Amino acid sequence: MKKIYLLLFGLVQAFAYSQTQDLASLASGEYIGMNALFDDKDNLYGYISLYSYGKSGEKTKKFEYVILDKNLNPVANKEFEGDITAASYLGYVDFKGQIILRPSQLDYSQIKLRDIFTPVSMVIDPKTNTIKRKVYYDYQNGAFKEINQPKNWKEQRKENREEKKEKGYNYVSAVGEIKEGGLIAIEYNDYGKYVNNNAIIKFDDDKKEIWRYQYNTNGDKKVFSDLSILDKDEKHLYGILRKVNGDDKTFTLLVLDMKTGKELSNNPITGLSPETIYNIDVFNSGGMRIDNDKTFDDKIIFTGRNYSSTMNPFGYARLMINKSDFSTDTKAINYKPDFLKYIPGINVHGYVEAGYSLQTKDMYFMSDGSVGILAEKYKPSTDYTASKTTDLVYVSTDKDFKIKELKVFEKEKTKWANNDYLFSQYLNNGKDVVFFYRDYQKDQVTKEKKWNLFINTVIDGTFKQEIIPISEKDNYIVTPYVGKEGYILLREFNEKEKFNKIRLERLNY
């Protein structure tokens, strides 16, 4: 195995600069995945590559990680013992600067189904190149208990059934550290068809309770309230409090003082349908979670689908929260009439030609409140036909959430796969954006089909597109991936030959 020694990220660039790397040669274990790492400001931190060595104990499996900087220089590696039920991990950087390896897939082949348990995340300290199991806490009735080994699913279900039989409900809690210092816990009683006795609890670093905010104390199936936490900072915690009384639903912006738990604001949110407000903090597309929010120094911006009372989408909505006075601003753009002059024939629910509808792929937020929305024309599969995608549609709004420009990027029809759109990056400290997609197109001269990479920048509100052919060797798959600003990472992969090379290519935007 190629040996790698720990170097500080700031020093490695002064001594070495590499723009290619063969992931297969970095460790002798079985390669199981690689992903980009971003810091808490969404800047590219580097990459982490994972390898498996198989079962090492009754409940453990041996892995190895290799950390690469954003120039693809390997800067640290270490073997570690993970849970046997973990098939792979995804890495991310937390607010402390630690790299967290979160289990991304379960391995059912190594353990009997009745003994399956949820694997624990691992925590890497990049300053010392040490790794340990993430500490979890169980909180109940004012007491904390450290969890070192999770219970298997069978044991957990048995305990839940016994508690439900004894109390009539299951006590549910979750607790975690926060960037502002200390811990935050939530708790409630789960009766199956409804919950009540909800609370948010703030603790200091010594796990001493500082404050408790209670709501939905006597909730039942018809009359209840729930809270979606939107954001928090050193001073405030922001959330949407929904109160339900049968068919009557009201929403308020709840703001709590982070030091005292005192309610600072509980003002109504209006101007959108209840279904739209309730779902404003969640945006899923084809099973993929889309980041539909952005926090700036003075505002929080959310964008979601604009729903009718029957949960049929008929456009997009924006909720903007002013952090200085806790005021809210709601806006909406609808497929009809707002999209109609750009996409003739679009109907009220976003359906375009031949059964295709607009499926959101990504969202981009600028500090002035303007938003970019990227969608793709999508037709779901039936019993007799495959799912299909065609053109991409980019909607650019102004700061008042009115359509400033809409561009249609014509693209060849793709069957079954839904991965022509690749990824995006903010540019120039978040003022601008670039997004990437690929298309399998026929060459007008040779008539042969080949992959083209499309690089689309929106800088100062102006669109620019560059097209780069993606050359593919025989039996090699070439996949574009996110690179440092001004570059794209190309991965050449051949599983049979155990070839897994990544390289950075400079872009011209």
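Read on for a plain summary of the structure. As the structure is a prediction and not an experimental result, all values here were calculated from the model.

1. A few points about the sheet that holds strand 24 (residues 313–322)
Step number 1: Taken together, four strands build an open sheet; the order of strands is 22-23-24-25 and the sheet is antiparallel. Only two strands of the sheet have a single partner each, and these edge strands are strand 22 (293–295) and strand 25 (328–334). Each adjacent strand pair in this sheet contributes to an overall mean axis angle of 15°, direction not counted.

2. A look at the sheet that holds strand 13 (residues 183–190)
Step number 1: With respect to topology, four strands assemble into an open sheet ordered 12-13-14-15, the strand pairing being antiparallel. Looking at which strands have only one partner, the edges of the open sheet turn out to be strand 12 (170–177) and strand 15 (209–215). Along the sheet, successive strands turn relative to each other by an average axial angle of 15°, direction set aside.
Step number 2: Two elements, strand 13 and strand 14 (residues 195–203), share seven bridges in a ladder whose sense is antiparallel.

3. Digging into the pattern of salt bridges
Pairs may arise between side chains of opposite charge once their charged atoms sit close together.
Step number 1: For the structure shown, the criterion picks out 22 salt bridges.
Step number 2: Ionic pairing is found between Arg318 and Asp329, a salt bridge with its closest N-O pair at 2.9 Å. Taken together, the residues span a long stretch of sequence, with Arg318 in strand 24 and Asp329 in strand 25 at a distance of eleven residues.
Step number 3: As a salt-bridge pair, Arg503 and Glu492 come within 2.3 Å of each other at their nearest N and O atoms. Note that Arg503 is positioned in strand 37 (residues 499–506) and Glu492 in strand 36 (residues 487–494), a separation of eleven residues in sequence. Residues Arg503 and Glu492 agree in their burial class; the two are buried.

4. Let's talk about unusual backbone geometry
Step number 1: Between Lys336 and the following residue, Pro337, the backbone shows a cis peptide bond with an omega angle of 15°.
Step number 2: One can find Pro337 in helix 4 (residues 335–339).
Step number 3: Positioned with a positive phi, Phe326 is a non-glycine residue whose angle comes to about 65°.
Step number 4: Within the secondary structure, Phe326 sits in the loop between strand 24 and strand 25.
Step number 5: Non-glycine residue Ala354 carries a positive phi angle of around 55°.
Step number 6: Position of Ala354 among the secondary structure elements: in the loop between helix 4 and strand 26 (357–365).

5. Thoughts on a positive patch on the surface
Step number 1: A contiguous patch of positive charge, built from Lys154, Arg157, Lys158 and Arg161, is present on the exposed surface.
Step number 2: Summarising the element assignment, Lys154 is placed in helix 2 (residues 153–167).

6. A few points about the nonpolar core
Step number 1: Counting residues in hydrophobic clusters, the biggest one holds 28 residues, and the most contacted among them are Tyr47, Leu72 and Phe436.
Step number 2: Here the element with the most residues in this core is strand 36; it accounts for four residues.
Step number 3: Filtering out sequence-adjacent residues up to four positions away, Phe436 remains in contact with Tyr421, Leu422, Phe423, Gln425, Leu453, Phe454, Ile455, Ile488 and Leu507.
Step number 4: In terms of nonpolar packing, the next biggest core, distinct from the first, is built from 23 residues, Ile301, Ile333, Ile373 and Val395 among them.

7. Looking at helix 2
Step number 1: In this model, helix 2 (15 residues) spans 21 Å end to end at C-alpha, consistent with the 21 Å of a helix rising 1.5 Å per residue.
Step number 2: The backbone nitrogen of Lys154 lies 3.1 Å from a side-chain oxygen of the residue at the head of helix 2, namely Asn152.
Step number 3: Of the residues trailing helix 2, Gly168 is marked for its positive phi of about 90°.

8. Topic: the pairing of strand 26
Step number 1: The element strand 26 is largely enclosed, with a buried count of nine among its nine residues.
Step number 2: Here eight bridges tie strand 26 to strand 27 (residues 371–379), and the two strands are oriented antiparallel to one another. Note on strand 27: the bridge partner recorded for Met363 is Ile373.
Step number 3: Taking the residues that link successive antiparallel strands as the turn, the strand 26-strand 27 hairpin has five residues, and the phi of Gly369 there is positive, at about 100°.

9. Side note on the side chain of Asp83
Step number 1: When you line up the elements, Asp83 lands in strand 5 (residues 74–83).
Step number 2: By relative accessible area, which is 2% here, Asp83 ends up buried.
Step number 3: In terms of polar contacts, Asp83 uses its side chain to reach the side chain of Arg133, at 3.0 Å.
Step number 4: Filtering out sequence-adjacent residues up to four positions away, Asp83 remains in contact with Lys59, Thr60, Lys61, Phe63, Tyr89, Phe117, Pro119, Val120, Arg133 and Gln149.

10. Here's the deal with the pairing of strand 12
Side-chain direction in a regular strand flips from residue to residue, so the side chains alternate between the two faces of the sheet.
Step number 1: Sheet topology note: the strand 12/strand 13 ladder contains eight bridges and is antiparallel. Its bridge partner lying in strand 13, Tyr171 is registered against Asn189.
Step number 2: Remark: five residues form the turn of the hairpin made by strand 12 and strand 13, two consecutive strands paired antiparallel; Gly181 in that turn has positive phi of roughly 105°.

11. Section: the packing of aromatic side chains
Step number 1: Considering all chains together, one arrives at 27 aromatic pairs under this definition.
Step number 2: Between Phe423 and Phe436, the aromatic rings sit 4.7 Å apart at their centres with planes inclined by 35°, giving tilted as the arrangement. Pair noted here: Phe423 is in strand 31 (residues 421–427) and Phe436 is in strand 32 (residues 432–442), with a separation of 13 residues, a long-range link.
Step number 3: Put simply, the rings of Tyr364, Tyr394, Phe409, Phe435, Tyr437, Phe454 and Phe463 pair up and form one aromatic cluster.
Step number 4: Above the ring of Trp451, the side-chain terminus of Arg438 is found at 4.4 Å from the ring centroid.
Step number 5: Over the face of the ring belonging to Phe493 we find Arg491, whose NZ or CZ atom lies 4.5 Å from the ring centre.

The rules behind these values
- Residues numbered from 1 in each chain as written.
- Predicted model: local features only at pLDDT ≥ 70, side-chain atom pairs only at ≥ 80, totals over all residues.
- Heavy atoms only, no water.
- Pairing = 2+ DSSP bridges.
- Helix = DSSP H or I, 4+ residues; strand = E, 2+ residues; numbered from the N terminus.
- Axes fitted to C-alpha atoms, helices over the stretch in contact; angles between N-to-C directions.
- Salt bridge = Lys/Arg side-chain N within 4 Å of Asp/Glu carboxyl O.
- Buried < 20%, exposed > 50% of the residue type's maximum accessible area, 1.4 Å probe, protein only.
- Patch = residues over 30% accessible without salt bridge, like charges linked within 9 Å, V, L, I, M, F, W, Y side chains within 5 Å.
- Areas by Shrake-Rupley, 256 points an atom, 1.4 Å probe, with all protein chains shown as cover.
- Lys, Arg positive; Asp, Glu negative; His and termini not counted.
- Charge placed at Lys NZ, Arg CZ, Asp CG, Glu CD.
- Core = buried A, V, L, I, M, F, W, Y, C linked by side-chain atoms within 4.5 Å.
- Contact = heavy atoms within 4.5 Å.
- Expected span 1.5 Å × (residues − 1).
- Polar contact = N/O pair within 3.5 Å; in protein donor to acceptor, adjacent residues only side chain to side chain.
- Phe/Tyr/Trp six-rings, centres within 6.5 Å; stacked < 30°, edge-to-face > 60°.
- Lys NZ or Arg CZ within 6 Å of the ring centre and 35° of its normal.

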